Amino acid sequence: MKTAETLEQATALAADIEAQLNRVLIGQPEVTRQVLIALITGGHVLIEGVPGLGKTLLARSLARVLKLDFQRIQFTPDLMPTDVTGHAIYDAGNATFHIRKGPAFTNLLLADEINRAPAKTQAALLEVMQERQITIEGESFSLAPPFVVLATQNPLDQEGTYPLPEAELDRFLFKILIGYPEQEDEARMLRMVLDGTLADSLDDAGLSAVTDSAGVLSLSHWAEQVLLDDAILDYLLRLARATRDHPALVQGASPRASIALARAAKSYALLDGRDFVIPDDIKAVAPPVLRHRLRLGVDAELEGQTVETVLTHLLEQVEAPRQ
């Protein structure tokens, strides 16, 4: 399997991964890039979109292309924490307990409709996301890297859901909004499905592994080497701090958000073949990093403002350093 020995090889490897993913997720190149950035950065992703847009297909394709262990959990109101992490089982024959590991013991975990499970179950998963280890009956198990959670939620059907609190949303590196494809892309998708070019089976779609966990970790290594100079760091911090002073917001970006901006921008620069971050990298990753960490005030909501419009305003108003 391919690994990256140089920055140029890392950029080429990431481009190969993107190309494979874009073969099956038609018309969503920004979404596939953001998910890949999160994987390289080592962060988790919350994907929001109506059913039928390919969220599960993206997760399965990513696991196939990267040869990662993959598990899927359908979150429901009766899901228990042990259904996520695992539990101890008593063996009456030997009078001993043995551990049955849950689906969280994997590399890539798809948490489908995470907001349909109660807070206790959500918290069990979010603890795993933060600590990257699972404790069962006092025994701790570390999860082998990479470990990434792709959680999904439906923005429309909120009946019977348990919205994630702000402190738990902050655990996600990105919140990605996946929308309807453009008409041209949807027409291309339909033609590919009808003529058999785009199949339901990933095997039939011709997806093959580009790399494995070692390759993903090598991409992470090269992303860490990307330079973020003082002028860019100052711009990043001014942007984050501006969210805390904006009159429309009652909750701004936390220091964890600033760290997320820096790390995600490094990965974005790597994918563009650069060993240094530019202001446009910060601007590209700012919406998925910040949109779930900001909270509008009541007056701003009544005026018709949204987090997206506030972010757009801030990116226009906070002065970026000259390149």
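The coordinates are above.
Residues numbered from 1 in each chain as written. Predicted model: local features only at pLDDT ≥ 70, side-chain atom pairs only at ≥ 80, totals over all residues. Heavy atoms only, no water.

## Quick look at the environment of Leu290
With respect to the helices, strands and loops of the structure, Leu290 is situated in helix H11 (residues 279-290). Residues Leu290 and Asn107, spaced 183 residues apart in sequence, show a C-alpha to C-alpha distance of 25 Å. Sequence-distant contacts of Leu290, that is, excluding residues within four places in its chain, are made with Ala253, Ala257, Leu261 and Leu311. (Helix = DSSP H or I, 4+ residues; strand = E, 2+ residues; numbered from the N terminus. Contact = heavy atoms within 4.5 Å.)

## Some words on the packing of aromatic side chains
For any two aromatic rings, the description comes down to two numbers: the centre-to-centre distance and the angle of the planes. This model, assessed by the stated rule, comprises one aromatic pair. Seen in terms of ring centroids, Phe105 and Phe141 are 5.8 Å apart; in terms of plane orientation they differ by 80 degrees. Their pairing is edge-to-face. Remark: Phe141 occurs in strand S7 (residues 139-142) and Phe105 occurs in the loop between strand S4 (96-101) and strand S5 (108-112); sequence separation between them is 36 residues. One residue, Arg33, lies across the ring of Tyr268, its end atom 5.4 Å from the ring centre. Directly above the ring of Phe276 sits Arg274, whose terminal nitrogen or CZ lies 5.9 Å from the centroid. (Phe/Tyr/Trp six-rings, centres within 6.5 Å; stacked < 30°, edge-to-face > 60°. Lys NZ or Arg CZ within 6 Å of the ring centre and 35° of its normal.)

## A word on the layout of surface pockets
In this model, the largest pocket occupies a volume close to 640 Å³. In terms of lining residues, the largest pocket is bounded by 30 residues, among which Thr41, Gly42, Gly43, Arg132 and Arg263 are the most central. Of all the elements, helix H10 (residues 255-271) adds the most residues to the lining of the largest pocket, at six residues. Here the lining of the largest pocket is built from residues that sort into 15 nonpolar, seven polar and eight charged. (1 Å grid on protein atoms, 1.4 Å probe; cavity = no way out; pocket = protein on both sides within 12 Å on 5 of 7 lines; lining within 4 Å. Points joined across faces, edges and corners; volume = space filled by probe spheres on them. Nonpolar A, V, L, I, M, F, W, Y, C, P; charged D, E, K, R; others polar.)

## Looking at the pattern of salt bridges
Between side chains of opposite charge, a pair can form when the charged atoms approach closely. Under the definition given, this model contains 13 salt bridges. Taking the shortest distance from any N to any O, the salt bridge between Glu48 and Lys175 comes out at 3.3 Å. Remark: Lys175 occurs in strand S9 (residues 174-177) and Glu48 occurs in strand S1 (residues 45-48); sequence separation between them is 127 residues. Residue class for Lys175 comes out buried when judged on its relative accessible area of 15%. When the shortest N-O distance is used, the salt bridge between Glu113 and Arg116 registers 3.3 Å. Glu113 gets classed as partly exposed once you look at its relative accessible area, which sits at 23%. Taking the relative accessible area as the measure of exposure, Arg116 reaches 14% and is therefore buried. Through salt bridges that share partners, Glu18, Arg33, Asp272, Arg274 and Asp281 make up one connected network. (Salt bridge = Lys/Arg side-chain N within 4 Å of Asp/Glu carboxyl O. Buried < 20%, exposed > 50% of the residue type's maximum accessible area, 1.4 Å probe, protein only.)

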